[in-house]
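Architecture and fold: a report
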Amino acid sequence: MAKYQFPDGFLWGTATAAHQVEGNNTNSDIWLMEQMSGSMFVEPSGNACEHFERYASDIALLASLGFNSYRFSVEWARIEPEEGSFSDSALEHYSSMVDCCIAQGLKPFITLHHFTSPQWLIQRGGWEGSDTPALFARYAEKVISVLGSRINGVCTINEANIGRVLTSSGMLPSLDIIRQTPGWRAAANALDVTADEFMPFMFAISESGRQTIMAAHRQAVNCIKSIQPALSCGITLAVQDIVAGPGGEEIAAKHRREVNEVYLNEITEDDFVGVQCYSRHRYDSNGPMGPESGVEVTDMGYEFWPEALEQTIRQAYDVAGIPVLVTENGIATTDDRRRIDYVTRALTGVQACLNDGIPVLGYTYWSAMDNFEWMLGYRPKFGIIAIDRKTQGRSVKQSGKWLGDIARTNATTFSV
Ligand code: GCO
């Protein structure tokens, strides 16, 4: 038996992203891509989980389970549907979400950008556009001037390195190939830009894309701090445990550098780094090796490898030297017992990091509810709350009750 006690004030939460749960995010670039014939998205997001309308009861449900925080994103394409014109009603909507969290005893953590961008931004060069950092900072300033005094933390940009993760791990083909696909070309056409100019966030993998993203983060943090100096700000990164298979030392080290460390090195002044970890990635001298035979795979096709979380917390802290908030960790599975096993092993790693004195601020499970898993649509089920896609009915899974109980007591005993 292992007894775990987490530090006072440890954050226990779940996360969502606007586009994946709200529904009808019609002014965003990803919405457009989903509608195109030949789209790389297997289905459109449609009305998603109707979280835009149902947020109050969803938040109450999460609070009733025992969590003490909720990480959600505010949607740039709703707040600034046209360049320079900010929607009061969208800002009021997110303001009500924040109030609702507070009333229910959940500390609100907001993400300003979670993959989706307004279509007008893409017409202005998207995530390689030279004005994008300043445009993002202006949006951040607007949001924080409304919400800033009532929230507990801000993730400026979700998974700054996602494009590099997807291409280096072989989950997506190269950008050259993607640009030839009919769905990509049609979406570019619809916005009157060329296939090369069309640059949504997830695909900004070049060095200039990376610099645009990191400059947007820095400029946004400066704006936020000028309004709310004490507000905790960070960026989140997709950090899988990158390991070497036979002969793969060099290439694994290269990927660790280009996908993780180059970003971690630039955020040493931030208040925290958001670690988002799902599995490990193995490389040999030929590149990504895929899952090892005999290792269970999740419904995402990832290795069931919850120990990766401990490794990535350690790596992030080693390089950036700042507190770590686990902003995402979770598993896509329809067998909820596997979810409990996965989180048990992941929390074992969190506890080991805490025991070694690493400042881990909290654990956020991805995701509060089954939702729109981007290109894979609604098939992968990450949630601790199931959503009936016909009726939109919510039902809490066993794992939700289990994790909520751990959150409520801030302690647990595992028979490991
Ligand atoms: C990401 C995002 C989430 C995903 C989750 C599961 O990591 O890609 O932050 O939007 O849905 O990670 O893949």
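Here, every reference points to the structure presented above.
Residues numbered from 1 in each chain as written. Predicted model: local features only at pLDDT ≥ 70, side-chain atom pairs only at ≥ 80, totals over all residues. Heavy atoms only, no water.

1. Quick look at the overall build of the protein chain
Rules: A run of DSSP states H or I qualifies as a helix once it reaches four residues; a run of E qualifies as a strand once it reaches two. Both are numbered from the N-terminal end. Throughout, the radius of gyration refers to the C-alpha atoms, and the reference size of a globule is 2.2 Å times the residue count to the power 0.38. When accessible area is computed with a 1.4 Å probe and restricted to protein chains, residues below 20% of their type maximum are described as buried, those above 50% as exposed, and intermediate ones as partly exposed. Whether two residues are in contact is decided by their heavy atoms, any of which lying within 4.5 Å being enough. All accessible-area figures derive from a Shrake-Rupley calculation using a 1.4 Å probe, and residue coverage is judged against the displayed protein chains alone. Only four residue types enter the tally: Lys and Arg on the positive side, Asp and Glu on the negative side; His and the chain ends are excluded. For charged residues, the charge sits on one atom: NZ in Lys, CZ in Arg, CG in Asp, CD in Glu.
Of the regular secondary structure elements, the protein chain holds 15 helices and 15 strands. Relative to its length of 416 residues, the protein chain is compact, with a C-alpha radius of gyration of 20 Å against a globular reference of 22 Å. For the protein chain, the C-alpha atoms occupy an extent of roughly 60 × 55 × 45 Å along the three principal directions. Here the protein chain holds 416 residues, and 60% of them are scored as buried. Put simply, 79% of the contacts in the protein chain that link residues at least 6 apart link residues at least 24 apart. On the protein chain, roughly 15,300 Å² of surface is accessible, and the fraction owed to carbon and sulfur atoms is 48%. Across the protein chain, 33 positive and 50 negative side-chain charges occur, with their mean positions spaced 4 Å apart.

2. Concerning the site of the ligand
What counts here: A single heavy atom is enough: if one lies within 4 Å of a molecule or strand, its residue is considered near that molecule or strand. Any pair of nitrogen or oxygen atoms within 3.5 Å is treated as a polar contact; in protein, a donor-acceptor pairing is required on top of that, and neighbouring residues in sequence qualify only through side-chain atoms on both sides. In this classification, the charged set is Asp, Glu, Lys and Arg, the nonpolar set is Ala, Val, Leu, Ile, Met, Phe, Trp, Tyr, Cys and Pro, and all remaining amino acids, among them Gly, are polar.
In the neighbourhood of the ligand, 13 residues make up the surrounding shell, with Gln20, His114, Glu159, Glu328 and Glu373 lying closest. The side chain of His114 places a nitrogen or oxygen atom 2.9 Å from an oxygen atom of the ligand. Measuring from an oxygen atom of the ligand, one finds a side-chain N or O atom of Asn158 at 3.0 Å. When the ligand is considered free in solution it has 320 Å² of accessible area, and contact with the protein chains removes 95% of it. For the shell around the ligand, the class distribution of residues is six nonpolar, four polar and three charged.

3. Examining the packing of aromatic side chains
Note the cut-off: Two rings from Phe, Tyr or Trp (for Trp, the six-membered ring) form a pair when their centres are within 6.5 Å of each other. A pair whose planes differ by under 30 degrees is stacked, one over 60 is edge-to-face, and the rest are tilted. In this analysis the charged atom, NZ for Lys or CZ for Arg, is taken to sit over a ring once it is within 6 Å of the ring centre and within 35 degrees of the ring normal.
Within the structure shown, the criterion is met by 24 aromatic pairs. Arranged with centres 6.4 Å apart and planes meeting at 10°, the rings of Phe41 and Phe372 form a pair that is stacked. Here the residue Phe41 occupies a position in the loop between helix H2 (29-35) and helix H3 (51-65), and Phe372 occupies one in the loop between strand E12 (360-366) and strand E13 (385-387), the gap between them amounting to 331 residues. Since its relative accessible area comes to 5%, Phe41 is described here as buried. The ring of Phe304 is capped by Arg338, whose NZ or CZ atom sits 4.3 Å from the centre of that ring.

4. Quick look at the side chain of Arg338
Along the chain, Arg338 falls in helix H14 (residues 336-355). Setting aside residues no more than four positions away along its own chain, Arg338 makes contact with Glu296, Phe304, Ile331 and Thr333.

5. Let's talk about the nonpolar core
Inclusion rule: Among buried residues, the Ala, Val, Leu, Ile, Met, Phe, Trp, Tyr and Cys ones that are joined through side-chain atoms within 4.5 Å form a nonpolar core.
Judged by nonpolar contacts, the single largest core of 119 residues is most densely connected at Trp127 and Tyr363. In terms of nonpolar packing, the next biggest core, distinct from the first, is built from eight residues, Ala17, Tyr278, Ala332 and Trp366 among them.

6. What about the sheet that holds strand E10 (residues 287-288)?
Threshold: The pairing criterion is simple: DSSP has to find at least two bridges between the two strands. Only C-alpha atoms enter the line fits that serve as axes; for helices the fit covers just the stretch in contact. Angles between N-to-C directions range over 0 to 180 degrees.
Taken in spatial order, the three strands line up as E7-E9-E10 in an open sheet, and their pairing is mixed. The open sheet is flanked by strand E7 (241-244) and E10, the only strands paired with a single partner. Sheet topology note: the strand E9 (residues 280-284)/E10 ladder contains two bridges and is antiparallel. Bridge pairing in E10 links Asp284 to Gly287. Packing against the sheet, helix H12 (residues 249-264) makes contact with E7, E9 and E10, and its axis sits at approximately 160° to E7.

7. Considering the pairing of strand E6 (residues 233-238)
The buried fraction of E6 is high, at six of six residues. Burial of E6 is two-sided: the residues Cys233, Ile235 and Leu237 facing one way and the residues Gly234, Thr236 and Ala238 facing the other way are all buried. Pairing analysis gives two bridges linking strand E5 (residues 153-157) to E6, with the strands arranged parallel. Bridge pairing in E6 places Val154 opposite Cys233. In this sheet, strand E8 (residues 272-277) lies alongside E6 in parallel orientation, the contact comprising five bridges. Looking at the pairing, Ile235 lines up with Val273 of E8.

8. So, the environment of Ile122
Of note, Ile122 is situated in helix H6 (residues 119-123). You can call Ile122 buried: its relative accessible area is 0%. It is 17 Å that separates the C-alpha atoms of Ile122 and Ser39, two residues lying 83 residues apart in sequence. Once residues within four sequence positions are removed from consideration, Ile122 is found in contact with Asp29, Ser117, Leu191, Val193, Phe198, Met199 and Pro200.

9. Observations concerning the packing of helix H13 (residues 308-320) against H14
For the record, the criterion: Any angle that is under 35 degrees is reported as roughly parallel, and any over 145 degrees as roughly antiparallel; angles of 65 to 115 degrees are reported as roughly perpendicular and all others as oblique. The crossing is said to be left-handed when, going from far helix to near helix, the turn is anticlockwise and less than a right angle, and right-handed when the turn is clockwise.
The interhelical angle for the contact between H13 and H14, taken along N-to-C directions, is 30°, at an axis separation of 7 Å. Relative to H14, the element H13 is oriented roughly parallel. When the axes of H13 and H14 are compared, the crossing they make is right-handed. Taking contact as the criterion, the partners of Leu309, Glu310, Ile313 and Arg314 in H13 are, on H14, Ala346, Gly349, Val350, Ala352 and Cys353. Among the residues making up the contact of H13 with H14, the classes are represented as six nonpolar, one polar and two charged.

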